[in-house]
Amino acid sequence: MKATITIEYCPKCGWMLRAAYMAQEFLTTFQDELKAVTLVPSETGGRYTIAVNDAMVFDRGVTHHFPEIKELKQLLRDVIAPDKNLGHSDKK
């Protein structure tokens, strides 16, 4: 079954472009594994989360930072397609 990624972002913080960029990266990297990437404007200020099939993978409220796209792709890969090689974005 293909995965659905949900990115919830704070529009008041100006994070829509970041969310759209990440969605594009995820759709490109996991094109065979994804059903959809959904962007959800949050009603909670400062919120930025990424979930796979409703399971939280990243929560800025917990980490207090934005990780590099490389790190996010690794986190998602570990859930969506553990055997997938991410090439230059893979762990060293």
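Residues numbered from 1 in each chain as written. Predicted model: local features only at pLDDT ≥ 70, side-chain atom pairs only at ≥ 80, totals over all residues. Heavy atoms only, no water.

Draft legend 1. Region of the structure containing helix 3 (residues 69-80). Under the 1.5 Å per step criterion, the end-to-end length of helix 3 is 16 Å for 12 residues, consistent within 8% with the ideal 16 Å. Along helix 3, the residues that are buried comprise Ile69, Leu72, Lys73, Gln74, Leu76, Arg77 and Ile80. Each element contacted by the buried residues of helix 3 is listed here: strand 1 (3-9), helix 1 (16-29), strand 2 (34-41), strand 3 (48-52) and strand 4 (55-59). (Helix = DSSP H or I, 4+ residues; strand = E, 2+ residues; numbered from the N terminus. Expected span 1.5 Å × (residues − 1). Buried < 20%, exposed > 50% of the residue type's maximum accessible area, 1.4 Å probe, protein only. Contact = heavy atoms within 4.5 Å.)

Draft legend 2. Structural detail: the packing of helix 1 against helix 3. Closest axis-to-axis distance for the helix 1/helix 3 pair is 11 Å, and the angle between their directions is 50°. Overall, the two elements helix 1 and helix 3 adopt an arrangement that is oblique. Of the two elements, helix 1 crosses helix 3, and the hand of that crossing is right-handed. Of helix 3, the residues touching helix 1 (which contributes Tyr21, Met22, Glu25, Phe26 and Thr29) are Ile69, Leu72, Lys73 and Leu76. For the contact of helix 1 with helix 3, the class distribution of residues is 6 nonpolar, 1 polar and 2 charged. (Axes fitted to C-alpha atoms, helices over the stretch in contact; angles between N-to-C directions. Parallel < 35°, antiparallel > 145°, perpendicular 65-115°, else oblique. Left-handed = near helix turned anticlockwise from the far one by under 90°. Nonpolar A, V, L, I, M, F, W, Y, C, P; charged D, E, K, R; others polar.)

Draft legend 3. Structural detail: helix 1. Between its first and last C-alpha, helix 1 extends 20 Å over 14 residues, near the 20 Å set by a 1.5 Å rise per residue. What helix 1 keeps buried is the set Ala19, Met22, Ala23, Glu25, Phe26 and Thr29. On an axial view of helix 1, the arc spanned by its buried residues comes to 165°, and they lie on one face. Among the exposed residues of helix 1, those oriented more than 90 degrees off its buried face are Leu17, Gln24 and Thr28. Elements that come into contact with the buried residues of helix 1 comprise strand 1, strand 2, strand 3 and helix 3. (Arc of directions from axis to C-beta.)

So yeah, pure geometry; function would need other evidence.
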